[in-house]
Amino acid sequence: MAIRLGDIAPNFTAKTTDGVVDFYKWKGQSWAVLFSHPKDFTPVCTTELGRVAGLKAEFEKRNTKVIGLSIDPLESHMKWIGDIEDVTGNALNFPLIADDDRRVSDMYDMIHPNAHDTQTVRSVFVIGPDNKVKLTLTYPASTGRNFDELLRTIDSLQLTSTWAVATPADWREGEDVIIGTSVNDEDAQKKFPGYVAKKPYLRVIPQPGR
Ligand code: BEZ
């Protein structure tokens, strides 16, 4: 069954390039990104894994752990790792799940049979400290993901989980944000004095907490 926003991300134990991982134990109280790849030794996947490895410091800054998945066996992953570093200059620095029995892919509905009957699509799950799914993305095999966008969404998720605000289109860290619609004007004036109401339902403030 599909996993939806707000659902508890199911726990699993899996073989990875960093040994056997119990997802909940590995994740602890951090945020996590679980993302799937259609197949080892494929061009787009190679660039994606290298790119994410190069963003290690950015994920760490956001208290976010990253774990990849491909349905090929561990021996294949171990051989592929060398190519990822060769091509991108970044050594793999996060676990890559060897889901050759498709246990995790099935659990997270990462195989979309009308796209491909055995390979996973490019799924992304952002999971919060409470183990709930906060964001999902699904890309086809032929389209590599934009990991700057993933970092941007994590910034928004973390901000909006702390403050009663929402982030507008194309928002980036440091830009103005919107007071949540659940906050009435009286409370908004107390919490965010001096807010600007562009419309009664669109009240803008500088990003709080900076
Ligand atoms: C790729 O990573 O390049 C890829 C993987 C599976 C199908 C098509 C492309």
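Student: Help me out: how do you make sense of the overall build of the protein chain in this one?
Tutor: For the protein chain, the helix and strand inventory stands at seven helices and eleven strands. With respect to the three principal axes, the spread of C-alpha positions in the protein chain is 60 × 35 × 35 Å. The buried share of the protein chain, taken over its 210 residues, is 45%. For the protein chain, the proportion of contacts with a sequence separation of at least 24, taken over those separated by at least 6, is 66%.

Student: How should the site of the ligand be read in this particular structure?
Tutor: Near the ligand the following residues occur: P38, T42, P43, V44, C45, Q119, R122 and A141. Between an oxygen atom of the ligand and a side-chain N or O atom of T42, the distance comes to 3.0 Å. One of the backbone nitrogen or oxygen atoms of V44 is found 2.7 Å away from an oxygen atom of the ligand. If the ligand stood free it would expose 260 Å²; the protein chains cover 77% of that surface. By residue number, the principal contributor to the shell around the ligand is helix α2 (residues 43-54), which donates three residues. Here the shell around the ligand is built from residues that sort into five nonpolar, two polar and one charged.

Student: For this particular structure, what's the right way to read helix α4 (residues 74-88)?
Tutor: Note: α-helices contain 3.6 residues per turn, so residues at a spacing of three or four share the same orientation. Taking 1.5 Å as the rise per residue, α4 with 15 residues should run 21 Å; its terminal C-alpha atoms sit 21 Å apart, in good agreement. At W80, α4 shows its largest kink, close to 25 degrees. Among the residues making up α4, those that are buried are S76, H77, W80 and I84. Each element contacted by the buried residues of α4 is listed here: α2, β4 (64-70) and β5 (96-98). Phi turns positive one or two residues past the end of α4, at G89, with a value near 80 degrees.

Student: What is the right way to read the side chain of S123 from this model?
Tutor: The residue S123 is located in strand β6 (residues 122-127) in this model. Residues in contact with S123, not counting those within four places in the same chain, are L34, F35, S36, M110, L137 and R145.

Student: Any chance you could explain the sheet that holds strand β8 (residues 165-166) here in plain terms?
Tutor: Backbone-to-backbone hydrogen bonds pair the strands of a sheet. The strands run either parallel or antiparallel. An order of β8-β9-β11-β10 is seen for the four strands of this open sheet, with the pairing classed as antiparallel. Unpaired on one side and paired on the other, β8 and β10 (196-199) mark the two borders of the sheet. With two bridges joining them, strand β9 (residues 177-179) and strand β11 (residues 202-205) adopt antiparallel strand pairing. When the sheet's bridge partners are listed, I178 is paired in β11 with V204.

What counts, and where the lines are drawn
Residues numbered from 1 in each chain as written. Predicted model: local features only at pLDDT ≥ 70, side-chain atom pairs only at ≥ 80, totals over all residues. Heavy atoms only, no water. Helix = DSSP H or I, 4+ residues; strand = E, 2+ residues; numbered from the N terminus. Buried < 20%, exposed > 50% of the residue type's maximum accessible area, 1.4 Å probe, protein only. Contact = heavy atoms within 4.5 Å. Near = heavy atom within 4 Å. Polar contact = N/O pair within 3.5 Å; in protein donor to acceptor, adjacent residues only side chain to side chain. Areas by Shrake-Rupley, 256 points an atom, 1.4 Å probe, with all protein chains shown as cover. Nonpolar A, V, L, I, M, F, W, Y, C, P; charged D, E, K, R; others polar. Expected span 1.5 Å × (residues − 1). Bend = angle between axes of the 7 residues up to and from the residue. Pairing = 2+ DSSP bridges.

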